[in-house]
Amino acid sequence: MRHVRGLFASLLVPTTIVLACAVAPAAGADTPTGQMTWAVHVSLAPTWFDPAETSGIITPFMLIYALHDAMVKPLPGNPMAPCLAESWTVSPDGLVYEFALRKGVKFHNGDAVTAEDVKFSLERYRGASARPLRDSVAAIETPDPSRVRIRLKRPWPDFMTFYLNATGAAWIVPKKYVERVGDEGFKKAPIGAGPYRFVSFTPGVELVLEAFDQYWRKTPSVKRLVLRAIPDEATRLAALKRGEVDIAYAIRGALAEELRRTPGLTLKPNVGQATFWVYFTEQWDPKSPWHDRRVRLAANYAIDRASINQAETLGFSKITWSIIPSSFEYYWQPPGYGYDPVRAKRLLAEAGYPNGFDAGDYYVDAAIANVGEPVVNYFNASGIRVKLRPIERAAFFRGYAEKKFKGLIQGGSGAFGNAATRIEAFVVGGGTYSHGSYPDIDGLFQEQAGDQDPKRREATLHRIQQLIHDKVMIAPIWLNAGLSGLGPRVEESGIGIIAGYAFSAPYEDVKLKSK
């Protein structure tokens, strides 16, 4: 299937391609039983109930994989598995994509999933990468209730990647219900076509979901899912030890070592596709020290990534020197920066800061402030004096996108996609999280977007990544390894069974052990 996905992502083939469904519903499925509880490391936000607002990070999909279903989505063994769309075709000129919907699929309220819902969901999408979709789609047609035809303004090799993989645009919501209750009403009581239906949400406390036994793929094994927000890491581990939760996300450092030594508990490392980096928001400001490339280089040499990796993720993270995961299509391997504090101070002196400088704030998602703390310490030791500013995840990414933060931002994303989707969101001008851009990078990005020659396109995307490195636009940290803890009742956690995905999924596959 990866080869076929490559055809969509990289080529326009002179024939019509049809992909048949590779996943069949299970026959004679058992009745769902029991409850599985997660200790989640972030405060759950209602905006994550709505696929239209997915923000270019992976966290919303922690909820979306349960509540909703997509035309096509990553599943175990298949990065683009047919789901609500059981097959699709592409015209020889690459301008028309036609999807055949799976028959008999229903939303949680009993309404059938139709072509009008698919059209409505794409037109309504306003999350990260909405602009390239909006700028490229000429028309969405619904010839009948089970077919959707999307016409493009021009051939776009990455249409399938942006629509079906890197955004929430292909996750389908019920048109009639959303129009009746409105966007805010939908967040209060979301209805989807996923394996679990909404029961209740207590802000700052927990989300409760119940199995939807009519889910087309298979009847879920577990009757009730509870996602409990426990931002404090030690409290998450304590809850896991007491049996109050079955899975605890983000147990790191000394606590991960403790978890590994605890009888009955299992440490579950998972290297997905979440990269972390430091973003220099003021590099385009001639009055800022960060405008000087030597200062940005100094910041890179000031960080001892290997030591942070060993201390925080027990050495499981991978230092890849890029905002793009090494598993992504069109990844280019940049040269690395050795830890060299002497060189860092020398570069600062050459740039006119022999005594360092006050660099203001270092903004970070509070859930991964454990990485920001040592980075800030290394910066301060080098003379780059900065203060850590942890912010709750939803508010952090909202402020990041709205360009409210000045100074340094610890960026990160575990979203699906390829090199182009990451570059579009975080690097090029007008991207959701871009605070500035460079004309040569912007030009090359536009050049590759419509290039139908896969080799030439790969070379262009490699060149963009080389320029990101040469200009020192970021200080890469690593490709993150999530460390989770599993309790003794868990037979299948769902963690790591979808390649690259950070959390448990698909939820209909999670299982508790038989008593």
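As a reminder, the structure under discussion sits directly above these lines.
Because the structure is predicted, anything quoted here is derived from the model rather than measured. (Residues numbered from 1 in each chain as written. Predicted model: local features only at pLDDT ≥ 70, side-chain atom pairs only at ≥ 80, totals over all residues. Heavy atoms only, no water.)

**With respect to the overall build of the chain**
Inference 1: When you go through the chain residue by residue, the secondary structure sums to 16 helices and 18 strands.
Inference 2: Taken against the 2.2 N^0.38 rule, which gives 24 Å for 515 residues, the C-alpha radius of gyration of the chain at 23 Å falls within 12% of a compact globule.
Inference 3: C-alpha extents for the chain along the principal axes are approximately 70 × 60 × 40 Å.
Inference 4: A total of 515 residues make up the chain; the buried ones form 60% of that total.
Inference 5: Counting only contacts in the chain whose residues sit at least 6 apart along the sequence, the fraction spanning at least 24 positions is 71%.
Inference 6: As presented, the chain carries roughly 19,100 Å² of accessible surface, and 51% of it is formed by carbon and sulfur atoms.
Inference 7: For the chain, the distance from the average position of its 61 positive side-chain charges to the average position of its 53 negative side-chain charges is 1 Å. (Helix = DSSP H or I, 4+ residues; strand = E, 2+ residues; numbered from the N terminus. Rg over C-alpha atoms; globule rule 2.2 N^0.38 Å. Buried < 20%, exposed > 50% of the residue type's maximum accessible area, 1.4 Å probe, protein only. Contact = heavy atoms within 4.5 Å. Areas by Shrake-Rupley, 256 points an atom, 1.4 Å probe, with all protein chains shown as cover. Lys, Arg positive; Asp, Glu negative; His and termini not counted. Charge placed at Lys NZ, Arg CZ, Asp CG, Glu CD.)

**A word on the pattern of salt bridges**
Inference 1: Within the structure shown, the criterion is met by 35 salt bridges.
Inference 2: One salt bridge connects glutamate 508 with arginine 217, and the closest N-O pair in it is separated by 2.7 Å. Here arginine 217 lies in the loop between β9 (206-211) and β10 (222-229) and glutamate 508 lies in the loop between β17 (490-492) and β18 (511-512), a separation of 291 residues in the sequence.
Inference 3: A salt bridge links glutamate 233 to arginine 252; the shortest N-O distance between them is 3.1 Å. Here arginine 252 lies in the loop between β11 (247-248) and α8 (253-261) and glutamate 233 lies in helix α7 (residues 233-241), a separation of 19 residues in the sequence. (Salt bridge = Lys/Arg side-chain N within 4 Å of Asp/Glu carboxyl O.)

**Observations regarding the environment of alanine 420**
Inference 1: By the secondary structure assignment, alanine 420 is in helix α14 (residues 419-426).
Inference 2: C-alpha of alanine 420 to C-alpha of glutamate 179: the two residues are 241 residues apart in sequence and 34 Å apart in space.

**A short note on the sheet that holds β11**
Inference 1: Read across the open sheet, the ten strands follow the order β8-β9-β10-β1-β11-β16-β12-β15-β13-β14; overall the sheet is mixed. Bordering the open sheet on either side are β8 (196-202) and β14 (384-391), each of which pairs with just one other strand.
Inference 2: The strands that α14 touches are β12 (266-280) and β15 (408-413); relative to β12, the one it contacts most, it runs at about 50 degrees. (Pairing = 2+ DSSP bridges. Axes fitted to C-alpha atoms, helices over the stretch in contact; angles between N-to-C directions.)

**Focus on the nonpolar core**
Inference 1: Counting 46 residues, the largest nonpolar core has Met71, Phe99, Leu133, Ile150, Phe159, Tyr163 and Leu164 as its most contacted members.
Inference 2: No other element matches helix α5 (residues 159-166), which puts five residues into this core.
Inference 3: Those residues in contact with phenylalanine 99, other than ones at most four positions away along the chain, are Met71, Ala85, Ser87, Trp88, Ser146, Arg147, Val148, Ile150, Met160, Tyr163 and Leu164.
Inference 4: One finds Phe61, Ala66, Leu67 and Leu225 within the second-largest nonpolar core, a separate group that totals 43 residues. (Core = buried A, V, L, I, M, F, W, Y, C linked by side-chain atoms within 4.5 Å.)

**What about the sheet that holds strand β4 (residues 85-90)?**
Inference 1: Spatially, four strands are ordered β4-β5-β7-β6 in an open sheet, and the strand pairing comes out antiparallel. Each of the sheet's edge strands pairs with one partner strand only, and the pair in question is β4 and β6 (137-144). Neighbour-to-neighbour, the strand axes of the sheet open up by a mean angle of 20 degrees, direction not taken into account.
Inference 2: With five bridges joining them, β6 and strand β7 (residues 147-152) adopt antiparallel strand pairing. Across the sheet, the residue bridging to glutamate 141 is arginine 149, located in β7.
Inference 3: Contacts from helix α3 (residues 115-124) reach β5 (96-101), β6 and β7 within the one sheet, and its direction differs from that of β6 by about 165 degrees.

**Some points on the pairing of strand β1 (residues 33-40)**
Inference 1: Pairing geometry for β1 and β10, over seven bridges, is parallel. In the sheet register, valine 40 faces β10, and the bridge partner there is alanine 229.
Inference 2: Bridge count between β1 and β11: two bridges; the pairing is parallel. In the strand pairing of β11, tryptophan 38 is matched with isoleucine 247.

Purely geometric stuff here, so don't read any function into it on its own.
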